[in-house]
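Residues per chain, in single letters:
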Amino acid sequence: MSAQLIRAALLALLAALVALPVGYFVAQWAGWAVFCGGLGLQLAFHFRNFSRLERWSRAPVVDSSLEGEGAWDGVFGRLYRHEKDLRAQIAKRDAEIAMLIEAGQALTDGVVLLDAHNQILFCNTTAEMQLGLVIRTDRGQPVVNLVRQPEFVAYLNAEDFSRPLTLRSDRSEDRVLSIYVIPYAGDRRLMQIKDVTQTDRLDRMRRDFVANVSHELRTPLTVLAGFLETLQEIELGPEEQARYLGMMAEQSERMQSIVQDLLTLSSIESAPPPDNDVVDMANLIDKLRRDAEALSAGRHTIAVETDGQGDLRGSEPELVSAFGNLVSNAVRYTPAGGTVRLIWRASPQGAEFAVEDTGIGIDPKHIPRLTERFYRVDRGRSRDVGGTGLGLAIVKHSLNRHQAALDIKSTPGTGSRFAARFPAGRVIGL
Ligand code: ADP
């Protein structure tokens, strides 16, 4: 600054030095005119540069438009560099903020940022989908105006965030969300939304399963206990005693079957991928036919349809158990005089093992649920034929492990067809 002042003073002095001899030798007014002219030139010079600065400051751009003269050049240069640095810093911050937003968008959990009045500041796309928000239009809106479920509104209003809120989404029936509210930056709030649908479903399945197993075992146990009590308390004749003992044996067999099927299911579930043994289908079908004939005890016609081609790669015990379940169901749910047909077809595109029967059939509404554990169309009928309700669950698991699908077609009163379809990779020997 002092250098500028000295420079201005020197220029004024120069004007004075030129003006003095002019005023002395020519005329006084001429001297003043020269002096004022000198000062005027200086003023014009500064005004010109100031105007440039003024123009540039209205819309600062980082280009060569800000060029000054003399002392102004240094000032403009520093200003220019400052503006450039500032812009670089802003660009860097913008990039960092964009990265943070991208990280927020990449989260698989939903995130909503709220201000002190629960108005939305930001939410990521996951939260948009989970809560039905649209950040473009919903920014600044109170979140309770958009998510109106009473339990959510009550949770936010209660201001006790020590436990998460479990919310069954009213937008999609089967979605279950767990909402955590975490205070931050003083009075702001971060809402973290986890989709716990799967965990909730598994939890419910586990509870249902325990309840089902207990129920299934309790029934024969109660019957057994009742018979035992009778035997202990009442003196029975040999014939009646034998009848009671027979019924007790039946109940204990029933419990054994349930436990056996449960063990089979759990061993399939926890087992490593099935072996890749070559399963000789001609042999296997022959064995299945003999089992079916033994179970039917002559009450049904057991037929086999196969062109004798192709074998399977997989775990023989698992496939025997799966196919055996289909065959025994067909025999058990087909009244005497009916036909049970075992069909094997293999081609380079894949193979199919099917069991067709002319039995009681199944109402279509039950078909999607048949492979659920303990699901039975008619509980009494299944019990009468010695069913546990676990057979088709075992079939489905075993087939899944072999990348095979179970296809069920049935008409009540006419019969059913259960087909296991194997991909080409599982078929050999064609
Ligand atoms: P269950 O031990 O009761 O037979 P499954 O899991 O093997 O249990 O079968 C589930 C239900 O599917 C059975 O209770 C029965 O109602 C029905 N079902 C299975 N196979 C047949 C079939 N071939 N014909 C008619 N109903 C069947």
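Scoring rules and cut-offs
- Residues numbered from 1 in each chain as written.
- Predicted model: local features only at pLDDT ≥ 70, side-chain atom pairs only at ≥ 80, totals over all residues.
- Heavy atoms only, no water.
- Helix = DSSP H or I, 4+ residues; strand = E, 2+ residues; numbered from the N terminus.
- Rg over C-alpha atoms; globule rule 2.2 N^0.38 Å.
- Buried < 20%, exposed > 50% of the residue type's maximum accessible area, 1.4 Å probe, protein only.
- Contact = heavy atoms within 4.5 Å.
- Areas by Shrake-Rupley, 256 points an atom, 1.4 Å probe, with all protein chains shown as cover.
- Lys, Arg positive; Asp, Glu negative; His and termini not counted.
- Charge placed at Lys NZ, Arg CZ, Asp CG, Glu CD.
- Salt bridge = Lys/Arg side-chain N within 4 Å of Asp/Glu carboxyl O.
- Axes fitted to C-alpha atoms, helices over the stretch in contact; angles between N-to-C directions.
- Parallel < 35°, antiparallel > 145°, perpendicular 65-115°, else oblique.
- Left-handed = near helix turned anticlockwise from the far one by under 90°.
- Nonpolar A, V, L, I, M, F, W, Y, C, P; charged D, E, K, R; others polar.

Right, let's get into the overall build of the protein. In terms of helices and strands, the protein carries 13 helices and 13 strands. Against the 2.2 N^0.38 benchmark of 22 Å for 430 residues, the protein shows a C-alpha radius of gyration of 44 Å, more extended than a compact globule. Projected onto the principal axes, the alpha-carbon positions of the protein cover approximately 160 × 60 × 35 Å. The burial tally for the protein puts 35% of its 430 residues in the buried class. The contacts in the protein between residues at least 6 apart in sequence include a share of 57% that link residues at least 24 apart. For the protein, the accessible area works out to roughly 25500 Å², and carbon and sulfur atoms hold 57% of it. Within the protein, the 54 negative side-chain charges are centred at a point lying 7 Å from the centre of the 49 positive side-chain charges.

Time to look at the pattern of salt bridges. One pass over the full model with this rule turns up 27 salt bridges. We note a salt bridge from Arg369 to Glu372, for which the minimum N-O separation is 2.8 Å. Given the relative accessible area of 40%, Arg369 is considered partly exposed. The shortest N-O distance in the salt bridge between Asp407 and Lys409 comes to 2.9 Å.

Their axes nearest at 10 Å, the elements helix α9 (residues 238-270) and helix α13 (residues 391-401) cross at an angle of 20 degrees. It follows that α9 is roughly parallel to α13 by the angle criterion. Taken as a pair, α9 and α13 cross one another with a handedness that is left-handed. Contacts from Asp261, Thr264, Leu265, Ile268 and Glu269 of α9 reach α13 at Gly391, Ala393, Ile394, His397, Ser398 and Arg401. Partitioned by chemical class, the residues of the contact of α9 with α13 number four nonpolar, four polar and three charged.

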